[in-house]
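# Coordinate inspection notes
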Amino acid sequence: MNVVIKKVKFTTINKTYTEKVRDWRGRSCFSTQYANPDGKRIFHTYYFVKKGYTISKVFHKNGEFMYYYCDVMEMKEVAPMRYVMVDLLLDLIVYPDGRYHLIDVDEFADSIDKGHLRKRQQVHALRTLDTMLQLQTKRRLIPRFVQDTEMIPIVTKPIARK
């Protein structure tokens, strides 16, 4: 089963791509896996649609787990298996030992300054980030099923991303 995702990010070109669903937990939680353009990392990404964020378990291309990459997003299902996702720029990297690092706050501030983010999106981003930080402080942000996810070997060319 495939999912079509239109991703909007204010700092890069918008793109629409089709991905194979790797783990289906319902319309509000599913995962895909793809190789990062750098060719060195594989992202197994879980989309938590109603929670407003994604959690990617990031692997080195050799299959070794590296870290979790968490994106604050505004997500909406626009048709069956078709989603629009707006990247709200705030990202959290969570390391295997539980430490975390907040990144791209400068991009978030620049987007506010340029008028790219509406007030409602700013509020959503900050509240979602606050929830994520509270959960990670208690070591509850990364669900067990995400922790247990393994990289699926890539044996064929990935679906072209536009």
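Presented here is an overview of the structure given in this document. (Residues numbered from 1 in each chain as written. Predicted model: local features only at pLDDT ≥ 70, side-chain atom pairs only at ≥ 80, totals over all residues. Heavy atoms only, no water.)

Here the focus is the overall build of the chain. When helices and strands are counted, the chain shows 3 helices and 8 strands. Here the C-alpha atoms of the chain give a radius of gyration of 15 Å, agreeing with the 15 Å that 2.2 N^0.38 yields for 162 residues. With respect to the three principal axes, the spread of C-alpha positions in the chain is 45 × 35 × 30 Å. Going through the 162 residues of the chain one by one, you find that 44% of them count as buried. Once local pairs closer than 6 in sequence are excluded, the contacts in the chain between residues at least 24 apart make up 44%. (Helix = DSSP H or I, 4+ residues; strand = E, 2+ residues; numbered from the N terminus. Rg over C-alpha atoms; globule rule 2.2 N^0.38 Å. Buried < 20%, exposed > 50% of the residue type's maximum accessible area, 1.4 Å probe, protein only. Contact = heavy atoms within 4.5 Å.)

As a further point, take the environment of Arg 27. Locating Arg 27 in the fold gives a position in the loop between strand 2 (15–24) and strand 3 (29–35). You can call Arg 27 exposed: its relative accessible area is 55%. As for Arg 27 and Met 151, which are separated by 124 residues in sequence, their C-alpha atoms are 22 Å apart. Beyond its immediate sequence surroundings of up to four residues, Arg 27 is in contact with Val 49, Glu 77 and Tyr 83.

The next subject is the side chain of His 44. If you trace the backbone, His 44 turns up in strand 4 (residues 41–48). Among the polar contacts listed, one links the side chain of His 44 to the side chain of Ser 31, at a separation of 2.9 Å. Those residues in contact with His 44, other than ones at most four positions away along the chain, are Arg 22, Ser 31, Thr 32, Gln 33, Ile 55, Ser 56, Lys 57, Phe 59, Thr 149, Glu 150 and Ile 152. (Polar contact = N/O pair within 3.5 Å; in protein donor to acceptor, adjacent residues only side chain to side chain.)

This brings us to the environment of Val 49. Note on placement: Val 49 falls in the loop between strand 4 and strand 5 (53–60). Residue classification places Val 49 among the buried positions, given a relative accessible area of 11%. When the C-alpha positions of Val 49 and Asn 62 are compared, they lie 29 Å apart, and in sequence the two are 13 residues distant. Here Val 49 is in contact with Arg 27, Ser 28, Phe 30, Met 75 and Tyr 83, once residues within four sequence places are set aside.

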